[in-house]
Amino acid sequence: MSDNVIKTKSFSFALRIVKLYQFLSIEKKEFVLSKQLLRSGTAIGSLVREAEHAESKLDFVHKLAIAQKEANETDYGLELLFQSEYLNEIQFQSLNSDIAEINKILASIIITTKQKLKK
């Protein structure tokens, strides 16, 4: 996992989301939003892993596009948890910067792959 940046970052992010879910459900007694965040936040890495074994370049792009949608959903969930005061500013900013970076990396990979497909 060392030389694949998106694979490493999405896995590390998923671990943070699992820990956040545990914190929210145990400490804050919040179950609905945290469960949705757990699903979308861990799906990103799963889809990145699926993309590694895509059947074609188009399938690769498709799987990463779905990962990007999950990342956007996760970004929304984090914002919602912050605005509803389940997350403090420091927690939110840390997670928000990670998901923003993951989104940028996914977008870059998708754009580059699509450009290569056109050639």
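Refer to the structure printed above.
These figures come from a predicted structure and were not determined experimentally.

**Examining the overall build of the protein chain**
Step number 1: When its secondary structure is counted, the protein chain shows four helices and zero strands.
Step number 2: Seen in sequence order, the protein chain has helices and strands lined up from the N terminus as α-α-α-α.
Step number 3: Its C-alpha atoms give the protein chain a radius of gyration of 15 Å, within 12% of the compact-globule value 14 Å for 119 residues.
Step number 4: C-alpha extents for the protein chain along the principal axes are approximately 50 × 25 × 20 Å.

**Some details on the nonpolar core**
Step number 1: Phe13, Leu20, Ile44, Leu78 and Leu106 are the most contacted members of the largest nonpolar core, which has 26 residues in total.
Step number 2: Going through the elements one at a time, helix H1 (5-26), helix H2 (32-52), helix H3 (57-83) and helix H4 (89-118) are the ones with two or more residues in this core.

**Describing the side chain of Ser25**
Step number 1: The topology assignment puts Ser25 in helix H1.
Step number 2: By relative accessible area, which is 12% here, Ser25 ends up buried.
Step number 3: With near-sequence residues (within four places) excluded, Ser25 lies in contact with Glu30 and Phe31.

**Digging into unusual backbone geometry**
Step number 1: Positive phi values are uncommon outside glycine, yet Lys29 reaches one of about 55°.
Step number 2: Relative to the helices and strands, Lys29 is located in the loop between H1 and H2.
Step number 3: Since its relative accessible area comes to 58%, Lys29 is described here as exposed.
Step number 4: Of note, Glu85 is a non-glycine position whose phi angle comes to about 70°, a positive value.
Step number 5: Here Glu85 shows up in the loop between H3 and H4.
Step number 6: In this structure Glu85 comes out as exposed when scored by relative accessible area, which is 66%.

**Quick notes on H2**
Step number 1: The end-to-end C-alpha separation of H2 is 31 Å, in line with the 30 Å expected for 21 residues at 1.5 Å each.
Step number 2: Those residues of H2 that fall on the buried side of the exposure criterion are Ser34, Leu37, Leu38, Ser40, Gly41, Ala43, Ile44, Gly45, Leu47, Val48 and Ala51.
Step number 3: As for H2, its buried residues are in contact with H1, H3 and H4.

What counts and what doesn't
Residues numbered from 1 in each chain as written. Predicted model: local features only at pLDDT ≥ 70, side-chain atom pairs only at ≥ 80, totals over all residues. Heavy atoms only, no water. Helix = DSSP H or I, 4+ residues; strand = E, 2+ residues; numbered from the N terminus. Rg over C-alpha atoms; globule rule 2.2 N^0.38 Å. Core = buried A, V, L, I, M, F, W, Y, C linked by side-chain atoms within 4.5 Å. Buried < 20%, exposed > 50% of the residue type's maximum accessible area, 1.4 Å probe, protein only. Contact = heavy atoms within 4.5 Å. Expected span 1.5 Å × (residues − 1).

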